[in-house]
Number of protein chains: 2
Amino acid sequence: MSTQPISRRARPAKAPLSRDAIVRTGLDVLDRDGLDALTMRRVAKELDTGPASLYVYVANRDDLMAAMLDEALGQVRLTWEGTWQEQLQALTTAAVEAMSRHEGLAAVALGTIPTGDNALLVLDRMLALLKQGGLDDTTAAWAVDLLWLHTAAAATEQSTYNTKGADEETTVTAADRRYAALPADRYPMITSLRQALFSPGDRDTWSLNVLINGILHTPAR
Amino acid sequence: MSTQPISRRARPAKAPLSRDAIVRTGLDVLDRDGLDALTMRRVAKELDTGPASLYVYVANRDDLMAAMLDEALGQVRLTWEGTWQEQLQALTTAAVEAMSRHEGLAAVALGTIPTGDNALLVLDRMLALLKQGGLDDTTAAWAVDLLWLHTAAAATEQSTYNTKGADEETTVTAADRRYAALPADRYPMITSLRQALFSPGDRDTWSLNVLINGILHTPAR
DNA sequence: GGTAGGCAACGAACGGCGTTCGTGTCAAAC
DNA sequence: GTTTGACACGAACGCCGTTCGTTGCCTACC
């Protein structure tokens, strides 16, 4: 039973494994084939190895996804143009976009105190802008909490529309039909305001304005 | 080879299967042993049957969880005391509590236009309160969107603290240490505002006030 | 009373999954 | 030349969600 050593030159230049390579491959798989396809086995196969090999660089699937999230947040570009409100708008919008571009990643950010390098960069910038707006320390701190929560939630919502098989329009019209068939005596407001509920308009921008205005009018404590 | 009919009296009073029984059992399992234990097999075993039997009443696991969410939202009590702002506060708080009491259920609400009977009841009440506050139809509609998103997000966050093994205190102090070790040149604001970031206080109530104040100061379009 | 039809119940299986364990392998350190 | 230690990985464990085909019971009709 000869153990013929297979020449490694047969498949040359195989890139060495590394945390970064794994994380980037994970994002590739996620973007190409969706959240269900993001399995340890699939990522390993993409790197031409077995799933066990990944665990040297990654604690588990959750750890991988957290790393992927921070990698995605690295795409957020910080700018210094416009009023602090405009900059805060732009920053938050960019963060939502960066997260929602990859299905399921935003959900990782929810209920986690951010600790990734890039997430903290975004947080730091948010704090700077809020201080620039004249808020006291405590209010700024609570505000960044709220803004981050909203960002993650908005991205999660966006994300499901972007991917989950059906597009936004299908989902919305399905809900519209459901609301139209509701008994008016049990759901009077939904019935009478149904048109407004599904009216078009830039709700994301409006939401952010609500948060900013609210923060300015609501001192902590 | 005798097919001896096993007397069903040996295990009597086996409750017949039903969607409701499955949903309630699901909540039981979830509350008792957490999200990881909430499997079709486990719920089936709890009902003394096999997993295949569940699929008569439930399309799949997601469908089950959606039903469980709405069942949980049935616990929200609607009240008619106090100003509309106070009522909105109470309603939202109750919804957050109802959802966050069951690990992972709040996440189901995120990125889903609510269609469950009980969810719609909460939405309808929210709309009524907002109209009572004098908002026009469009602003009220957008506001209920935002409030629902915030409610689901807050519940998701709460939920992970309530369960996920470690309690809130552990998680927070871990983050505090991480922030304390951050390089001040790269993260100047986080470093200098660290104390405020982890300061105690009722952030949930404050957040809701931010939303309400913001909504009042930000007409839609 | 007998029988046909329909449907809830379910046993078994399929094709996955995350993660662990033990064994190779190879390059650097001594 | 030998030792050492980290990386790589094949194989396996114990799960998972879901489907298929059969069974057995209950009902409605003759």
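For the structure, check the block above.
Residues numbered from 1 in each chain as written. Chains lettered and ligands numbered in written order. Predicted model: local features only at pLDDT ≥ 70, side-chain atom pairs only at ≥ 80, totals over all residues. Heavy atoms only, no water.

1. Overview of the packing of helix 7 (residues 137-162) of chain A against helix 7 (residues 137-162) of chain B
Phase 1 of the analysis: At a minimum axis separation of 10 Å, helix 7 of chain A and helix 7 of chain B run at an interaxial angle of 105 degrees. What the angle tells us is that helix 7 of chain A and helix 7 of chain B run roughly perpendicular. Seen from helix 7 of chain A, the contacting residues are Leu146(A), Leu149(A), His150(A), Ala153(A), Ala154(A) and Glu157(A); seen from helix 7 of chain B, they are Leu146(B), Leu149(B), His150(B), Ala153(B), Ala154(B) and Glu157(B).
Phase 2 of the analysis: Split into classes, the residues belonging to the contact of helix 7 of chain A with helix 7 of chain B amount to 8 nonpolar, 2 polar and 2 charged. (Axes fitted to C-alpha atoms, helices over the stretch in contact; angles between N-to-C directions. Helix = DSSP H or I, 4+ residues; strand = E, 2+ residues; numbered from the N terminus. Parallel < 35°, antiparallel > 145°, perpendicular 65-115°, else oblique. Contact = heavy atoms within 4.5 Å. Nonpolar A, V, L, I, M, F, W, Y, C, P; charged D, E, K, R; others polar.)

2. Some points on the relation of the copies chain B and chain A
Superposition of the two copies of the chain requires a rotation about an axis together with a shift along that axis.
Phase 1 of the analysis: After a rotation of 180 degrees and a shift along the axis of 0.0 Å, chain B superposes on chain A with an RMSD of 0.0 Å. What we have between these two chains is a two-fold relation. Minimal C-alpha distance to the rotation axis in chain B is attained by Gly214(B), lying at 1.8 Å.
Phase 2 of the analysis: Mapped onto chain A, 100% of the interface residues of chain B are again interface residues, and the two copies thus contact each other with one and the same surface. (Least-squares fit on C-alpha atoms with pLDDT ≥ 70 in both.)

3. Regarding the protein's contact with DNA strand D
Phase 1 of the analysis: The immediate surroundings of DNA strand D are formed by 16 residues, with Thr49(A), Tyr57(A), Arg41(B), Tyr55(B) and Arg61(B) found nearest.
Phase 2 of the analysis: Protein-proximal atoms of DNA strand D, defined as those within 4 Å of the protein, fall in sugar or phosphate at a share of 53%.
Phase 3 of the analysis: Separating a base nitrogen of DNA strand D from a side-chain N or O atom of Arg41(A) is a distance of 3.5 Å. (Near = heavy atom within 4 Å. Polar contact = N/O pair within 3.5 Å; in protein donor to acceptor, adjacent residues only side chain to side chain.)

4. Things to note about the side chain of Gln87(A)
Phase 1 of the analysis: Within the fold, Gln87(A) resides in helix 4 (residues 84-100).
Phase 2 of the analysis: Sequence-distant contacts of Gln87(A), that is, excluding residues within four places in its chain, are made with Thr79(A), Trp80(A), Glu81(A), Gly82(A), Arg125(A) and Leu129(A).

5. Topic: the side chain of His150(A)
Phase 1 of the analysis: Mapping His150(A) onto the fold places it in helix 7.
Phase 2 of the analysis: By relative accessible area, which is 11% here, His150(A) ends up buried.
Phase 3 of the analysis: Excluding residues within four positions of it along the chain, His150(A) makes contact with Ser207(A), Leu208(A), Leu211(A), Leu146(B) and Leu149(B). (Buried < 20%, exposed > 50% of the residue type's maximum accessible area, 1.4 Å probe, protein only.)

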